[in-house]
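One letter stands for each residue in the lines below.
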Amino acid sequence: MKKKSVCLITGVGDGTGAHTARKFSRSGYKVAMIARNRNRLKKLEKELQDSKAYICDVANIKKLQDVCKQVKLDLGAPEILIHNAVKGNFEKLLDGNPEWLEENFRINTTSLMYLAHSLLPDMIKLKKGVIIVTGNTAARRGIANTPYFAPTKSAQRILAQS
């Protein structure tokens, strides 16, 4: 019997994250789901065969690194990483808080770098793997009221391309 591949998804909310987890589960993958909402994740874990919930705010880099290690122990090394975790604030520049930029950057971009460092060595060793990053229009151009969000998604896009 063929060993099931592992897909790790960050930002498993009610929308894209949950839909993606369901799709990969139905396609025969073991699915590691990372999000902050324990109740939603546990409910989804019960629904999906061969899935496991990991409660983690990806802004907490140490915790994220620990979760990546635990996923490898529990399910095996992920061959697919889908970085869907996102944080954004939608305010006019002077109505917002400059600290939001750093917080959003940590969630949207910095966590992606740490995920890559945690998971790519195994993908290289296995000679297979893919990293998928969800995005939006803000990654390509500034949009009104996104000065705390668009720069982080643009940086995320450039990181993924690099």
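These notes cover the structure that comes with them.

Procedures and definitions
- Residues numbered from 1 in each chain as written.
- Predicted model: local features only at pLDDT ≥ 70, side-chain atom pairs only at ≥ 80, totals over all residues.
- Heavy atoms only, no water.
- Helix = DSSP H or I, 4+ residues; strand = E, 2+ residues; numbered from the N terminus.
- Buried < 20%, exposed > 50% of the residue type's maximum accessible area, 1.4 Å probe, protein only.
- Contact = heavy atoms within 4.5 Å.
- Salt bridge = Lys/Arg side-chain N within 4 Å of Asp/Glu carboxyl O.

**Concerning the environment of Ile 132**
With respect to the helices and strands, Ile 132 occurs in strand β5 (residues 130–133). Ile 132 gets classed as partly exposed once you look at its relative accessible area, which sits at 35%. For the pair formed by Ile 132 and Ala 160, sequence separation is 28 residues and the distance between their alpha carbons is 8.2 Å. Those residues in contact with Ile 132 that sit more than four places away from it in its chain are Ile 80, Leu 81, Ile 82 and His 83.

**Concerning the pattern of salt bridges**
Summed over all chains, the structure comprises eight salt bridges. When the shortest N-O distance is used, the salt bridge between Glu 79 and Lys 128 registers 3.7 Å. On the criterion of sequence distance, the pair formed by Glu 79 in the loop between α3 (61–74) and β4 (80–83) and Lys 128 in the loop between α4 (99–126) and β5 is long-range, its members being 49 residues apart. Glu 103 serves as the salt-bridge partner of Lys 87, at 3.7 Å between the closest nitrogen and oxygen.

**Re unusual backbone geometry**
Here Lys 127, not a glycine, exhibits a phi torsion of approximately 60 degrees, which is positive. On the secondary structure map, Lys 127 appears in the loop between α4 and β5. For Lys 127, a relative accessible area of 75% gives the class exposed. Look at Asn 145: it is not a glycine, yet its phi comes out positive at around 65 degrees. Using a relative accessible area of 35% as the deciding quantity, one classes Asn 145 as partly exposed.

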